[in-house]
Amino acid sequence: MYRGRSVAIVIPAYNEEGFVGDVIETVPDYVDRAFVVDDCSTDGTWREIRRHARRVDESASVAVADGGVQTDRRVVPIQHEENRGVGGAIKTGYERAREDEIEITAVMGGDGQMDPELLDRLLDPIVEDRADYVKGNRLLDAEDREEMPTFRLIGNGILSVLTKIASGYWKLGDPQNGYTAISLDALEAAPIEDMYEYYGYCNDLMVKLNAYELRVADVPVPSRYDDEESHISYREYIPKVSGMLLSNFIWRLRVKYLARDFNPLVFLYALGAAGSLAGIVRSLRNVASGGDDESRSSGLPIVLLGALSLVLAMIFDMQANEELEERDFE
């Protein structure tokens, strides 16, 4: 229990032999349950998970007061029969935590990048009813940003912008950070069962949370890069996540501003996209046909009108969501 709330941790692991055992061993004592999900690893990850789970559970049983015996396992190993991706592993853990009605569920990667001593930063905003979902942000502190490799920093910045637009959480950054905590209310309200199972699961989840009017907070966490090996193929990752964000953006507008309530900013977005595209196409056609300078620039006013509509739509979107986001600077 943490400040009177039951707490679980989901630990997704794929080929994390040599790392996941240490993660299990360093789970804070106040965590009631750890769901360790082996996503069909091809190395010794599953053996390592079971070995450390037994050791932790045996220690917990001995520590029970008054000679009692702990009947519920503190560490619950789960193995996927086929590889589903890190989002799929986290989804499995979320669903188990929801079944057990655990009040707060955090995610801690099986690669040891996430410092367990910082977990309370993620839990406090939920305990204090300031947020329904809390995520770490490695970009809030200048020293933390310096620790991130340049290629990751650039890619993270691009995805941060795309996720702001798609999700409606305009003040939040570092959407790729998987060190998170979510309340039971949010797990029950958002469509967790439809969560994206590839590496863009965290971006996808933020869109779903916004569509259901759930509050999200950023808290600063430092970068940690040790000897772990990334499983991300960026040539595959970037196009997949970009396409997912585009479809999610359209879904959010439809669910939040049309189906559940009405907001005219949807039409500003549509006008802006259509106007910008039409103006660009018109200009390209005139260039291809060899027209004069005047005809080549004839599409410019349409592009400018479209751009203005998009900017206005974004401003109204920011205003509609400003009460759903919070940043903690510690």
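Within every chain, residues take consecutive numbers counted from 1 along the sequence as written. With the structure being a predicted model, the display of local features is reserved for residues of pLDDT at least 70 and the display and counting of side-chain atom pairs for 80 or more, all residues being used for whole-chain, interface and lining totals. Calculated side-chain values reflect all of the structure's heavy atoms, with hydrogen atoms and water omitted.

Caption draft 1: Just the confidence of the model for the protein chain, in detail. Each residue carries a pLDDT score, the predictor's own confidence in it, on a scale running from 0 to 100. Put simply, the protein chain has an average pLDDT of 87, and 86% of its residues get 70 or more. Note on definitions: a residue-residue contact is assigned when non-hydrogen atoms from the two residues lie within 4.5 Å. Scored below 50 in pLDDT, residues 62-71 makes 5 contacts in the model with residues more than four places away or belonging to other chains.

Caption draft 2: Up close: the nonpolar core. Membership of the largest hydrophobic core comes to 34 residues, with the highest contact counts inside it found for Ile 9, Ile 11, Ile 24, Val 36 and Leu 119. Secondary-structure elements contributing two or more residues to this core are strand S1 (7-13), helix H1 (20-25), strand S2 (33-38), helix H2 (45-63), strand S4 (104-107), helix H4 (119-127) and strand S7 (216-220). If you tally residues by element for this core, the top one is H4, at 5 residues. Not counting residues up to four positions away in its chain, the partners in contact with Ile 9 are Val 27, Pro 28, Val 31, Arg 33, Ala 34, Phe 35, Ala 106, Met 108 and Leu 119. Counting residues in hydrophobic clusters, the runner-up holds 21 residues, among them Ile 90, Ala 190, Leu 214 and Leu 324. Definition of nonpolar core: a set of buried residues of the types Ala, Val, Leu, Ile, Met, Phe, Trp, Tyr and Cys, connected through side-chain atoms within 4.5 Å. Three exposure classes are used, based on accessible area relative to the maximum for each residue type with a 1.4 Å probe and protein chains only: buried under 20%, partly exposed in between, and exposed over 50%. Strands are runs of DSSP state E lasting at least 2 residues, helices are runs of H or I lasting at least 4, and numbering of each runs from the N terminus.

Caption draft 3: Broad picture of the pattern of salt bridges. Any Lys or Arg side-chain nitrogen located within 4 Å of an Asp or Glu carboxyl oxygen qualifies as a salt bridge. Applying the stated rule across the entire model yields 16 salt bridges. The salt bridge involving Lys 91 is made with Glu 197; its shortest N-O contact spans 2.9 Å. On the criterion of sequence distance, the pair formed by Lys 91 in helix H3 (residues 86-99) and Glu 197 in the loop between helix H7 (184-189) and helix H8 (201-211) is long-range, its members being 106 residues apart. Residue classification places Lys 91 among the buried residues on the basis of a relative accessible area of 7%. A relative accessible area of 24% means that Glu 197 is categorised as partly exposed. For Asp 132, the salt bridge identified is with Arg 215, shortest N-O distance 3.1 Å. With Asp 132 in the loop between H4 and strand S5 (133-137) and Arg 215 in the loop between H8 and S7, this pair connects stretches of sequence that are 83 residues apart. When its relative accessible area of 22% is taken as the criterion, Arg 215 is described as partly exposed. Through salt bridges that share partners, Arg 3, Asp 124, Glu 128, Arg 130 and Glu 326 make up one connected network.

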